[in-house]
Amino acid sequence: MTFKEIHTQFHLKLDAEYGKNEVDAMFFLLSEQFLNKKRIDLSLTPYNMLVDIELSQLTEALNRLQNNEPIQYIIGTTYFYGLEFKVNQHTLIPRPETEELVSLAIESLKPHHVDSDKINILDIGTGTGCIAISLAKLIGNAHVFALDISSQALKIAQENAALNAVEVSFIETDILKETNWTENFKNIQFDVIISNPPYVRELEKAQMKDNVLNFEPTSALFVSDEDPLIFYRAIAKFASEYMKPNGLLFFEINQYLAQETKKMLEMHNFETIEIYQDLSGNDRMIKATK
Ligand SMILES: C[S@@+](CC[C@H](N)C(=O)[O-])C[C@H]1O[C@@H](n2cnc3c(N)ncnc32)[C@H](O)[C@@H]1O
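What comes next concerns the included structure. Please read all numbers here as calculations on a predicted model, not as lab measurements.

1. Here we look at the pairing of strand β5 (residues 168-172)
With five bridges joining them, strand β4 (residues 142-148) and β5 adopt parallel strand pairing. Each residue of the ladder has a partner; that of V144, found in β5, is V168. Of the crossover connections in this fold, the one passing from β4 over helix α8 (residues 151-163) to the parallel β5 is right-handed.

So, in C-alpha cells, the structure goes:
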C-alpha cells in the first residue's frame, strides 16, 4: 500500500467521528512518528510504498483510533507546558487546564524566585508527574516532592523526570490514609502544596466522552457523588499540619463545586482564598494561603 492510500483509509474511516482537519493532524503525527520523517517530506512523496512494519503500525493506529483510544496513548507521549511527557494507560493524559494551574503557581511564586533559600513543593496525585516536573524545571530553587497511590503511574513519572532532566522526590502513598502522613513526611514542612486530585462525580459520567471513559484510569478521575470533596478535605487537613505558615495551596477544582471547595478551605482556616477561571471561563483553580 502507498502512503497516499493509507492516508485515504484514515479519512474514509475517521472523518465522520473526528472531522477532516483533525484526521489530517493525527495521521501526520503518527506518520512522522512511525516513518521518522517530517510532514513536508511525507507530503512530497505520497506514492512511496510503505514497508510492512510502517503499514502495520499505521493500520493498528487506525484501528485504535476507530475504537476511540486517545492518540496520546497510541503515540505514548504528549506535551505539557512545552515539555515532553510519556503517558500510558496508568496515567491521566495531562490537560490544558492543568497547564493553567502550573502558570498560576509560577506567577504566584515569582517573588520567591529571587530568594536563594530552597522552597519545598509537594504535588499530590502526580500521575505523569506533569505538574511536579514542570515546576522543578521552572523554579530553580525548589525541592519538589510528588506522591501518587499508583506505582505504575509513579514509574512513568520517574521516567518523565529523567526525560526532562529534573530531580523530583517521588513517594508512593495513599493521601487519604492519615497514618501514612507522619511516616512519609516526618521532618518536612512545605512552602507550596499543589494538587489536581480526582474530582469528577459519578453523576457527571453521562457528560463524558468514550475516549476518556474507556481508556483513562478510573482511579485518577472519579469520586463518589456523596463525598466529592474527599481529596480536597484530606489535602486541606494535611496542609494545615505539613505546610509552613503563609504557605500556598493550589488546587485544580471541579467547576461545579467551586463554592463548596472554598467553604471547606475557610473551615480549615485558610486565608485569601481565590477562585480562578480557566480559558473556557469555568471555575477551575483555587489558591489559598495558610
Ligand atoms: C486527576 S489525576 C492528576 C494527574 C496529574 N497530576 C495531572 O494533573 O495530569 C489524579 C491522580 O491522583 C492519584 N490518586 C488517586 N487516589 C489517590 C490517593 N488516595 N492517594 C494519592 N494519589 C491518588 C491518581 O493515581 C492520579 O494519578
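More follows now that the structure is in view.
2. Here we look at the packing of helix α1 (residues 3-18) against helix α4 (residues 52-66)
Between α1 and α4, whose axes approach to 10 Å, the crossing angle comes to 10°. Taken together, the axes of α1 and α4 are roughly parallel relative to one another. Of α4, the residues touching α1 (which contributes I6, Q9, F10, K13, L14 and Y18) are L55, L58, T59, L62, L65 and Q66. Its residues assigned to classes, the contact of α1 with α4 comprises eight nonpolar, three polar and one charged.

3. Side note on the packing of helix α12 (residues 230-242) against helix α13 (residues 258-267)
Their axes nearest at 10 Å, the elements α12 and α13 cross at an angle of 25°. Judged by the inter-axis angle, α12 sits roughly parallel to α13. Considering only the axes of α12 and α13, their crossing is right-handed. Residues Y232, R233 and A236 of α12 touch α13, and the partners they reach there are T261, M264 and L265. Its residues placed into classes, the contact of α12 with α13 shows four nonpolar, one polar and one charged.

4. Digging into the site of the ligand
For the ligand, the set of nearby residues contains 21 residues, the closest of which are G125, D148, D174, N196 and A220. A distance of 2.8 Å is found between a nitrogen atom of the ligand and a backbone nitrogen or oxygen belonging to G125. Interatomic distance of 2.6 Å between a side-chain N/O atom of D148 and an oxygen atom of the ligand. Calculation on the ligand without its partners gives an accessible area of 590 Å², and the protein chains cover 96% of this total. Listing elements by their share of the shell around the ligand, those giving two or more residues are α7 (130-138), β4 and α11 (218-221). When its residues are assigned to classes, the shell around the ligand shows twelve nonpolar, seven polar and two charged.

5. Things to note about the packing of aromatic side chains
Applying the stated criterion to the full structure yields 15 aromatic pairs. Aromatic pair F10 and F27: ring centres 4.9 Å apart, planes at 65°, arrangement edge-to-face. Here F10, found in helix α1, pairs with F27, found in helix α2 (residues 20-35); they are 17 residues apart in sequence, far enough to count as distant. Residue class for F27 comes out buried when judged on its relative accessible area of 0%. Considering the side-chain rings of F190 and F238, the 6.5 Å spacing of their centres and the 35° angle between planes classify their relative orientation as tilted. Separated by 48 residues along the polypeptide, F190 in strand β6 (residues 190-195) and F238 in helix α12 bring together distant segments of the chain.

The rules behind each value
- Residues numbered from 1 in each chain as written.
- Predicted model: local features only at pLDDT ≥ 70, side-chain atom pairs only at ≥ 80, totals over all residues.
- Heavy atoms only, no water.
- Pairing = 2+ DSSP bridges.
- Helix = DSSP H or I, 4+ residues; strand = E, 2+ residues; numbered from the N terminus.
- Right-handed = clockwise from strand over helix to strand, strands pointing away.
- Axes fitted to C-alpha atoms, helices over the stretch in contact; angles between N-to-C directions.
- Parallel < 35°, antiparallel > 145°, perpendicular 65-115°, else oblique.
- Contact = heavy atoms within 4.5 Å.
- Nonpolar A, V, L, I, M, F, W, Y, C, P; charged D, E, K, R; others polar.
- Left-handed = near helix turned anticlockwise from the far one by under 90°.
- Near = heavy atom within 4 Å.
- Polar contact = N/O pair within 3.5 Å; in protein donor to acceptor, adjacent residues only side chain to side chain.
- Areas by Shrake-Rupley, 256 points an atom, 1.4 Å probe, with all protein chains shown as cover.
- Phe/Tyr/Trp six-rings, centres within 6.5 Å; stacked < 30°, edge-to-face > 60°.
- Buried < 20%, exposed > 50% of the residue type's maximum accessible area, 1.4 Å probe, protein only.

Honestly, that's just the spatial picture; any functional story needs more than this.
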